[in-house]
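Descriptive analysis of the structure
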Amino acid sequence: MFNPHQDTDPDETQEWIESIKGALQEHGPERTRFLLEKLIDFAERQGARMPFNTNTPFINTIHPFEQKPFPGNRAIERRIKSLVRWNAMAMVSRANKKTEGIGGHISTYASSATLLEVAYNHFIRGAAHTNGPDMVFFQGHASPGIYARAYLEGRLTETHLKNFRRELSKDGGLSSYPHPWLMPDFWQFPTVSMGLTSLMALYQARFMHYLEDRGIIEETGRKVWAFLGDGEMDEPESLGSISLASREKLDNIIFVVNCNLQRLDGPVRGNGKIIQELEGTFRGAGWNVIKVIWGSDWDTLFEKDAAGALAKRLEEVVDGELLKYVVAGGSYLREHFFGKYPELLNMVKDISDKELLRLRLGGHDPEKVYAAYAEAVEHKGKPTVVLARTIKGYGLGEAGEGRNITHQQKKLNEKELLSFRDRFNIPLTDSEATTAPFYKPADNSEETVYLRARRKELGGPLPFRNQKSEKSKIPDRSLFNEALAGYGDRELSTTMAFVRQLTKLTKDKDIGKYIVPIIPDEARTFGMEALFRQLGIYSHSGQLYEPVDSEQFLYYKEAVDGQILEEGINEAGAMSSFIAAGTAYSNYGVNMIPFYIYYSMFGFQRIWDLIWAAGDMRTRGFLLGATAGRTTLNGEGLQHQDGHSHLAAAATPNIKAYDLAYAYEIAIILREGMKEMFHYQKDVVYYLTLENENYKHPEMPSGAEKDIIKGMYKIHSTKNPVIRLLGSGPLMGETLAAAKLLKQDWNIEPGVWNVTSFSELRREAEESERWNLIHPDKRQKKPHLEKSLSKHKVPTVAVSDYVKMVAEQISPYVPGDYYALGTDGFGRSDTRENLRHFFEVDRYYIVLTAIRALVNTGSVDPALSEKVMKKYGIDPNKPSPITV
Ligand SMILES: Cc1ncc(C[n+]2csc(CCOP(=O)(O)OP(=O)(O)O)c2C)c(N)n1
Ligand SMILES: [Mg+2]
């Protein structure tokens, strides 16, 4: 059988190799590359189809002769790194000895120490750098190393380190992972939900281009660095948006993947090669890939490998074997790796077993790592990923170096501590070392002086988070006059009402240009297409084509200085843009005001983890869940109808959620949100649900403003109420209709309230209750709910287009009996009317529930319920919407 890899004419092959060799020697790699490309191109055109291959051999991308020399002091840097290693290990080990099970990780940082130290000493810019700081996403589980370095730099004290993972300690502790919410002047980016780092870093880099292209910031060569784990790359989010980076020519992003070949349970790719797999994926997506697999010790072996036996053997081995070599020792490596071919065995005959095992890998060799970063920061027009081979638990020896248990290794015993000390020459006696003390050299020591000087030159310490921001000038109330006055007889949806106000905001002279509308391919659904032409859609390369609708006034306009981020069908990416824009106040000192509008169902349900990370990162901005409401979005059915995002929002600490019924409510909340976030600089996110049902929008009742913000305001009061109705969002219409029926058909006149936010009502009530609990001697506080409703102890019927728990969250704080109607169950496609009946939230069910409430209090005849059912055709045999 024909074998395409079989060499049928070795002499001819050799001749070709010789000529390439000649070209390399005479003209260098550039010319050689050119020649080979020409040859391939020619062969392709002559019909010799080339096999597709995105991989290069399993060796370092940068050849020794191309390697930029290491400019630092190797010896001092090694000593610094060893001390960081020691302190990081000691911090975790001590914490776990003190409090069994408190957790933390030793092995991740042990593998990435060189990758980080080279970056710290030579590349990443701090806050005071003349050209602005870089942004660094640190691998979450490597946090002990980051703390340990900050300790050496004098930024953290021994007490901090002692209180690792003991944040509630009186004298201050350290958070487990990077959490800006918990350490707001230290951590800049939360990274510990695997997969989100890649996405958030990519969109940060893209947002930097956006700000530069729009002239909001200057281009100063800032970089975004993302340190990632190789196991973490299995998250779909990790690789899902990498093509964005090449498409947008993001040469301001550098990924460093710590390829220790292991994750938590075991190998990332026991039967394959994660580095090669990632290389193929990234190259295929148009990235500049730099592999740093082998350390300098291997250079001489590769030099000797003229016949290619070593290269061949390296292609054969799988990661599972490579891991075994780390653990099984030098003789095993000799026998099983080099022993396969006699010429390989011969190559290492003068190297002892011990030396063999110590052949350093690329990710542990500062010279190789330096060369990779030096090339990465210079690379133009493309993003770069450095794939660095490391050993998980490096230096832990018996305590877990390269073992499958290494991720879970939390403490070292005395023997292990001593061997760790020896391995890294930590100046501690035996009796000292066995207590794992933190070790900090004197301020005037060579190490401290060096490390401070390096950071000073690079612009100061990292991580560092800027907490300061400017106050934006929020538009006057008059900008919202139209919405506040209502739209008369015109029927429109809350989505349309919002878009009209957004359009006005983008024209405001103070904040207009800082508004960032973000949309994942749904602008037409929301009636926002007019903004395309007016604001332009951001595109780094402008518009290289004439759009099909160029003849029309509202054509699809892409522009380098476009304001809209149209992210395509990509909620996770759009949310990452939201995060980048909503933290620009901290990262760039500019208050950008993001409005991310999306299909409500594909918000919390789909990307809640990113919303959570946005909270951690102290993002500010507006999330707009459009086409919301289980029965209000009628035709789309089960997968589209959101009836639970408000439940998720209520459980997200930084989210202020509003379900709005009228245009004036939107106006009030938009203005309040902007004031709170961009003037008073509170780190919250406003979540507004908007709907697509058209109806009339009245003028704002006078004096309602404050109550709208608090979460509930009065729509209709009666002299002697026996029952009250709380309507909300799109079901306000049904609530008002029910009130009418109650009066007209049953002679009961309810009080009617409009709830704009169940969760805000609950939060305030909860806070008051807590305060009252611990201040029994003081005048007890009354929350808005109690102040508004306690006058009449009558039953309450609340209705929303969300699951009942949304309305039920206030029930402990509402005086009298409380009944909630809601839309539990999977959605259906049908008319709004039928859906509201099916979910039992329409006017008739509201009336029926009100009557039942009165029956239960004994104030009406029990037979009334049946009469109501008969009158409105409520069928007791109707299937339940909540049964599955
Ligand atoms: C979304 C998510 N799932 C699971 C985890 C739990 N987890 C933490 S670290 C880890 C293994 C990490 O492996 P890798 O990315 O290779 O990093 P390494 O520690 O090997 O450098 C896992 C599964 C997590 N933090 N986030
Ligand atoms: Mg790993």
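The notes below deal with the structure included here. Residue numbers run consecutively from 1 along every chain, following the written order of its sequence. Chains carry letters and ligands carry numbers; both start at the beginning, A for chains and 1 for ligands, and go up in the order they are written. Residues qualify for local features only when their pLDDT is at least 70, as the model is predicted, and side-chain atom pairs are given and counted only at 80 or more; totals for whole chains, interfaces and linings, by contrast, use all residues. Neither water nor hydrogens contribute to the side-chain values; these are computed over all heavy atoms in the structure.

1. Focus on the packing of aromatic side chains
Just so we agree on the cut-off: Classification of ring pairs uses Phe, Tyr and Trp, with its six-membered ring standing for Trp, and accepts pairs whose centres are within 6.5 Å; under 30 degrees between planes counts as stacked, over 60 as edge-to-face, and the remaining range as tilted. What counts as a helix is a DSSP run of H or I of at least four residues, what counts as a strand is a run of E of at least two, and both are numbered from the N terminus. Whether a residue is buried, partly exposed or exposed follows from its accessible area with a 1.4 Å probe, protein chains only, as a fraction of its type maximum: under 20%, in between, or over 50%, in that order.
Under the definition given, this model contains 46 aromatic pairs. Ring centres 5.0 Å apart and planes at 65° place the aromatic pair F604 and Y687 in the edge-to-face group. Pair noted here: F604 is in helix α25 (residues 604-616) and Y687 is in strand β14 (residues 685-689), with a separation of 83 residues, a long-range link. The pair formed by F604 and Y687 is uniform in burial state, with each residue classed as buried.

2. So, the sheet that holds strand β13 (residues 655-659)
What counts here: A pair of strands counts as paired when DSSP detects no fewer than two bridges linking them.
If you walk across this open sheet you meet the six strands as β10-β7-β11-β12-β14-β13, and the pairing is parallel. Taken across any chain shown, the strands that pair with only one partner, and hence form the sheet edges, are β10 (565-566) and β13. Across five bridges, the pairing between β13 and β14 is parallel. Among the inter-strand pairings, I655 is bridged to a residue of β14, identified as V685.

3. Observations regarding the pattern of salt bridges
The cut-off we apply is this: Within this document, salt bridges are pairs made up of a side-chain nitrogen of Lys or Arg and a carboxyl oxygen of Asp or Glu, the two lying within 4 Å of each other.
Tallied over the full model, the rule gives 39 salt bridges. Between R620 and D683 there is a salt bridge; the shortest N-O distance is 2.7 Å. In this pair, R620 is assigned in the loop between α25 and β12 (621-626) and D683 in the loop between α27 (663-679) and β14, connecting sequence segments 63 residues apart. Take R620: its relative accessible area is 2%, and that puts it in the buried class. Close ionic contact of R762 with E766 constitutes a salt bridge, the shortest N to O distance being 3.4 Å.

4. Describing a nonpolar patch on the surface
Threshold: For patch detection, residues must exceed 30% relative accessible area and be free of salt bridges, and they are connected within 9 Å for like charges or within 5 Å for nonpolar side chains (Val, Leu, Ile, Met, Phe, Trp, Tyr). Only the protein chains shown count as cover for residues, and all accessible areas are computed by the Shrake-Rupley method using a 1.4 Å probe.
Taken together, W16, L36 and L39 make up a surface patch of nonpolar side chains, about 300 Å² in accessible area. Looking at the element boundaries, W16 is found in helix α1 (residues 10-45). With relative accessibility at 52%, the residue W16 sits in the exposed group.

5. Things to note about the pairing of strand β17 (residues 724-728)
Short version of the rule: The path from the first strand over the helix to the second decides the hand: if it runs clockwise while the strands point away from the viewer, the crossover is right-handed.
Summarising burial for β17: five of the five residues are buried, a large majority. A two-sided burial pattern is seen for β17, the buried positions comprising R724, L726 and S728 on one face and L725 and G727 on the other. In this fold, the crossover linking β17 to strand β18 (residues 751-755) by way of helix α29 (residues 732-746) has right-handed handedness. Sheet topology places β17 next to strand β19 (residues 796-799); three bridges connect them, and they run parallel. Paired with R724 across the strands is T796, a residue of β19.

6. Notes on the sheet that holds strand β1 (residues 135-137)
For the record, the criterion: Lines fitted to C-alpha atoms define the axes here, with helix axes fitted over just the stretch in contact, and angles between the N-to-C directions of these axes take values from 0 to 180 degrees. In this analysis, two residues are considered to be in contact whenever any of their non-hydrogen atoms come within 4.5 Å of each other.
Spatial ordering of the open sheet is given by β1-β2-β3-β5-β4, a layout of five strands whose pairing is parallel. Of all the strands in the sheet, the pair left with one neighbour each is β1 and β4 (288-292). Between one strand axis and the next, the sheet turns through 15° on average, direction left out of account. Note: β1 against strand β2 (residues 224-229), three bridges, orientation parallel. From the neighbouring strand, M135 faces β2, where its bridge partner is V224. Strand contacts of helix α3 (residues 107-122): β2, β3 (253-259) and β5 (384-389), with the helix running at about 150° to β3, the strand carrying the most contacts. Of the strands in this sheet, β3, β4 and β5 are in contact with helix α9 (residues 274-284), which crosses β4 at around 165°.

7. Considering a positive patch on the surface
This is how the line gets drawn: Here Asp and Glu are counted as negative and Lys and Arg as positive; His is not counted, and neither are the chain ends. Here the site of a charge means atom NZ of a Lys, CZ of an Arg, CG of an Asp or CD of a Glu.
A cluster of basic residues, K706, K710, K782 and K787, forms a positive patch on the protein surface. Inspection of the secondary structure assignment puts K706 in helix α28 (residues 705-710). Classification of K706 as exposed rests on a relative accessible area of 62%.

8. Re the side chain of D642
To be explicit about the condition: By the criterion applied in these results, polar contacts are pairs of N or O atoms within 3.5 Å in which, for protein atoms, one can donate a hydrogen and the other can accept it, and in which residues neighboring in sequence qualify only through two side-chain atoms.
Mapped onto the fold, D642 is located in the loop between β12 and α26 (645-650). Lacking a salt bridge, the buried D642 has R630 as its closest oppositely charged neighbour, with an N-O distance of 5.7 Å. Side-chain polar atoms of D642 contact the side chain of S645, separated by 2.6 Å. In contact with D642, other than residues within four places in its own chain, are S600, M601, A628, G629, R630, Y687, D801 and Y802.

9. Quick notes on the coordination of the magnesium ion (ligand 2)
Ideal donor angles around a metal are set by the shape: a four-donor tetrahedron calls for 109.5 degrees, a six-donor octahedron for 90 or 180 degrees. The cut-off we apply is this: Donor selection uses N, O and S atoms within 2.8 Å of the metal (3.2 Å for Na, K and Ca). Since no water is included, sites may look incomplete.
Donor atoms from the polypeptide that coordinate the magnesium ion (ligand 2) comprise D230 (OD), N260 (OD1) and Q262 (O), at 2.0 to 2.1 Å from the metal. We note that the donor set of the magnesium ion (ligand 2) lies within a single chain, spaced as D-x29-N-x1-Q. Pair noted here: D230 is in the loop between β2 and α7 (236-240) and Q262 is in the loop between β3 and α9, with a separation of 32 residues, a long-range link. Note on D230: relative accessible area 1%, which makes it buried. Residue Q262 is classed as buried on the basis of its relative accessible area of 3%.

10. Examining the environment of K340
Here K340 shows up in the loop between α13 (330-336) and α14 (342-347). In this structure, the C-alpha to C-alpha distance between K340 and A309, residues 31 residues apart in sequence, is 9.8 Å. Setting aside residues no more than four positions away along its own chain, K340 makes contact with R313, E316 and E335. Only 3.3 Å separates the side chain of K340 from the side chain of E316, close enough to count as a polar contact.

11. So, unusual backbone geometry
Across the junction of L462 and P463, the peptide omega takes the value -5°, indicating a cis bond. Tracing the backbone through its elements, the reader meets P463 in the loop between α19 (446-457) and α20 (481-485). A positive phi angle is found at E840, which is not glycine, with a value near 65°. Mapped onto the secondary structure, E840 falls in the loop between α33 (832-838) and α34 (843-856). Residue E840 is classed as partly exposed on the basis of its relative accessible area of 25%.

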